[in-house]
Amino acid sequence: MEALSPNRKHTLLVVLLATLITLAVGQGTRLGFYRTSCPRVESIVQSVVQSAIRSNPAMAPGLLRMFFHDCFVNGCDASILLDGSSSEKTAAPNSLLRGFEVIDAAKTQLETACPGVVSCADILALAARDSVVQTGGTGWPVPLGRRDGLVSRAADTADLPAFNDPVGVQIRKFTDKGLNTQDLVALSGAHTIGTAACALFSYRLYNYNNTNGPDPTIDPAFLPTLRNLCPNGGDGSRRVDLDPASVGRFDNSYYANLRNRRGVLESDAALWSDPTTQRFVNRFLGVRGLLGLTFNVEFGRSMIKMGNVEVKTGTQGEIRRVCSATN
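A. Representation of the packing of helix H2 (residues 41-55) against helix H4 (residues 100-113). Direction vectors running N to C along H2 and H4 enclose 145 degrees, while the axes themselves pass 9 Å from each other. Taken as a pair, H2 and H4 cross one another with a handedness that is right-handed. Residue-level contacts link Val41, Ile44, Val45, Val48, Val49 and Ala52 of H2 to Val102, Ala105, Ala106, Gln109, Leu110 and Ala113 of H4.

B. Looking closely at the packing of aromatic side chains. Counted according to the given criterion, the structure contains 14 aromatic pairs. Between Phe250 and Phe295, the ring centres sit 5.3 Å apart and the planes meet at 15 degrees, which makes this aromatic pair stacked. Of the two residues, Phe250 is situated in the loop between strand S2 (239-241) and helix H9 (253-259) and Phe295 in helix H12 (residues 295-306); the sequence distance between them amounts to 45 residues. For Phe295, a relative accessible area of 4% gives the class buried. Each member of the aromatic cluster is reached from another via a ring pair, and the members are Trp140, Phe250, Tyr254, Tyr255, Phe284, Phe295 and Phe299.

C. Structural view of the environment of Ile193. Structurally, the position occupied by Ile193 is in the loop between helix H7 (181-188) and strand S1 (195-197). The class for Ile193 is buried, based on a relative accessible area of 3%. Sequence separation between Ile193 and Ser246 is 53 residues; the distance between their C-alpha atoms is 8.2 Å. If we ignore the near neighbours within four places in the chain, the residues touching Ile193 are Ala60, Pro61, Leu64, Thr135, Leu242, Gly248, Arg249 and Phe250.

D. The arrangement of the side chain of Ser87 in detail. Take Ser87: it is sitting in the loop between helix H3 (59-71) and H4. Within polar-contact distance, the side chain of Ser87 engages the backbone oxygen of Leu82 at 3.1 Å. Excluding its chain neighbours within four sequence positions, the residues that come into contact with Ser87 are Leu82, Ser152, Arg153 and Ala154.

E. Main features of the environment of Gly168. Along the polypeptide, Gly168 turns up in helix H6 (residues 167-175). Residue classification places Gly168 among the exposed residues on the basis of a relative accessible area of 53%.

F. Highlighting the pattern of salt bridges. Overall, the coordinates contain 15 salt bridges when judged by the stated rule. For Arg129, the salt bridge goes to Glu42, with nearest N and O atoms at 2.8 Å. Linking Arg129 in helix H5 (residues 120-134) with Glu42 in helix H2, this pair joins segments that are 87 residues apart in sequence. The class of Glu42 is partly exposed, set by a relative accessible area of 33%. Of the charged contacts in the structure, one is a salt bridge between Glu111 and Lys107, with a shortest N-O distance of 2.9 Å.

The rules we used
Note that residues are indexed from 1 along each chain, following the sequence as it is written. Selection of residues for local features in this predicted model requires a pLDDT of at least 70, selection of side-chain atom pairs for listing and counting requires 80 or more, and totals for whole chains, interfaces and linings are taken over all residues. Side-chain metrics rest on all non-hydrogen atoms present in the structure, leaving aside hydrogens and water. All axes here are fitted lines through C-alpha atoms, helices being fitted over the stretch that makes contact, and every angle between N-to-C directions spans 0 to 180 degrees. Numbering goes from the N terminus for both helices and strands, where a helix is a DSSP run of H or I of at least four residues and a strand is a run of E of at least two. Each crossing gets its handedness from the near helix: less than a right angle anticlockwise from the far helix is left-handed, clockwise is right-handed. Residue contacts follow a heavy-atom distance rule, with two residues in contact if any of their heavy atoms lie within 4.5 Å. Stacked, edge-to-face and tilted labels apply to pairs of Phe, Tyr and Trp rings (six-membered ring for Trp) whose centres lie within 6.5 Å, assigned for plane angles under 30 degrees, over 60, and everything in between, in that order. Relative accessibility thresholds used throughout: buried, under 20% of the residue-type maximum; exposed, over 50%; partly exposed, between the two (1.4 Å probe, protein chains only). Whenever a nitrogen or oxygen atom comes within 3.5 Å of another N or O atom, the pair is scored as a polar contact, on the condition that within protein one atom can donate a hydrogen and the other can accept it, and that pairs from neighbouring residues in sequence are kept only if both atoms are in side chains. Salt bridges, as used here, are contacts in which a Lys or Arg side-chain nitrogen is within 4 Å of a carboxyl oxygen on Asp or Glu.

Encoded structure:
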């Protein structure tokens, strides 16, 4: 059989993603929502995101993570963007998020082009997709029509997936949002880009569970690298690449890291240790004897599902004039 060219493969991936979307994707969002009211919405957001990532590549994983953290707390309603002394933005899991100024810049341009039309929630959904594309991943059609929430409480972030969650807890948190185990493993693949602070995993390197030794699930050959980056008692804020095999590249090497016991976060490493999720890791790796999964296709599909979690549409919420404050 003749091998497909890279361009042909890319086209087929886009077609596959498009076939996964129906006219009624979720709770009121749809493709082409701004076709007449703000036809340049996608190109404006894309341009802002491209410029931001060129200036600072760390913006890509930041925007992707921000969308994830928004959708898991009261739905995809841009509540994570609201300022306030006890807003979601102030909660510990969100303290290191970056990219707020990128969303603000896109909103400013859109308010000039089509005032009062495009929600901050939709800008965030588009920016997450564009961040993936800018780092070499495949895009997906983003259904739009979300409205912005009016409430943002730090206390509501308690159920965000955490860096040390065992697989059972991760599955429950995803199930609570209407997402299945395959979605969990696919969306965890976002860790193919980005970094983690030493404080989030260095406990695995020295006195794991009071054993005076490291987490035994870490590849012993990888341990010196992590210890060198995060010395015992060292700077907990130091950032370490989550996917050292392909820094800044959106690909499926994250899953090879898990198989090789080189997952940096405990929640990632657990996906290989548990047979329920290990099977999906192997499917993303194309292990012989299992029905393979194409990472870019399935990641886009799962992002579409997550992007419709508990969304506000119609007359719910509002269209904010600025993303950091309600009207």
